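Chain by chain, the residues:
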Amino acid sequence: MQAIIHAADIQDRDGGVLLMGSLFGLFPFLLKLYADSGYQGERFQRGLGEACRQVNVAIIKRSEVRKFVVLPKRWIVERTIGWLNRCRRLAKDWECLNRNGLAFLRWASIR
């Protein structure tokens, strides 16, 4: 769908608002956003409301139990990150330019 590469000093929730702002109008059928606890808070909700008014956010938190529990919808994100981590080029920050990092991320996503 979409990806943004930015500096490391930008918080995930601020980068999430940038990402959702870039999706505005491209996917009008997008109504629900599943996010982890790093995206909870009034600041993200307010920024997302300005970028995409129709999107509802569902925060999926980790299980408090100390054993493995499959959480609904969270496994989709974890599986995707696992697929991307198989690409050695994405393991370290080798790229000098953000556009090169974005190109390799897209290339890994195609695989």
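Residues numbered from 1 in each chain as written. Predicted model: local features only at pLDDT ≥ 70, side-chain atom pairs only at ≥ 80, totals over all residues. Heavy atoms only, no water.

A separate point is the overall build of the chain. Per the secondary structure count, the chain includes four helices and two strands. Once the C-alpha set of the chain is aligned to its principal axes, its extents read approximately 40 × 35 × 30 Å. Counting the 111 residues in the chain, one finds 22% classified as buried. Nonlocal contacts in the chain, meaning residues at least 24 apart in sequence, comprise 50% of its contacts between residues at least 6 apart. For the chain, the accessible surface area stands at approximately 8,900 Å², while carbon and sulfur atoms represent 55% of it. Side chains of the chain carry 19 positive and 10 negative charges; the gap between the two charge centres is 8 Å. (Helix = DSSP H or I, 4+ residues; strand = E, 2+ residues; numbered from the N terminus. Buried < 20%, exposed > 50% of the residue type's maximum accessible area, 1.4 Å probe, protein only. Contact = heavy atoms within 4.5 Å. Areas by Shrake-Rupley, 256 points an atom, 1.4 Å probe, with all protein chains shown as cover. Lys, Arg positive; Asp, Glu negative; His and termini not counted. Charge placed at Lys NZ, Arg CZ, Asp CG, Glu CD.)

In this structure, Met-20, Leu-23, Leu-33, Phe-44, Leu-48, Ala-51, Cys-52 and Val-55 together form the largest nonpolar core, which totals eight residues. With three residues, helix H2 (residues 42-51) is the single largest residue contributor to this core. What Cys-52 contacts, discounting residues up to four positions off in sequence, is Met-20 and Phe-24. In this structure, Ala-3, Cys-87, Leu-102 and Ala-108 belong to the second largest nonpolar core, which totals six residues. (Core = buried A, V, L, I, M, F, W, Y, C linked by side-chain atoms within 4.5 Å.)

A cluster of nonpolar side chains, namely Phe-68, Val-70, Trp-75, Ile-76, Val-77 and Ile-81, defines an oily patch on the protein surface of about 610 Å² accessible area. On the secondary structure map, Trp-75 appears in helix H3 (residues 74-85). Classification of Trp-75 by relative accessible area gives partly exposed; the value is 43%. (Patch = residues over 30% accessible without salt bridge, like charges linked within 9 Å, V, L, I, M, F, W, Y side chains within 5 Å. Salt bridge = Lys/Arg side-chain N within 4 Å of Asp/Glu carboxyl O.)

A full pass over the atoms with the stated rule returns one salt bridge. Residue Asp-14 pairs with Arg-43 through a salt bridge whose shortest N-O separation is 3.6 Å. With a gap of 29 residues between them, Asp-14 in helix H1 (residues 12-22) and Arg-43 in helix H2 connect regions that are remote in the sequence. Judged by relative accessible area, which is 23%, Asp-14 ranks as partly exposed. Classification of Arg-43 as partly exposed rests on a relative accessible area of 49%.

Further remarks concern H1. Along H1, the residues that are buried comprise Gly-15, Gly-16 and Met-20. Taken down its axis, H1 places every buried residue within 135° of arc, on the same side. Elements in contact with the buried residues of H1: strand S1 (32-35) and H2. (Arc of directions from axis to C-beta.)

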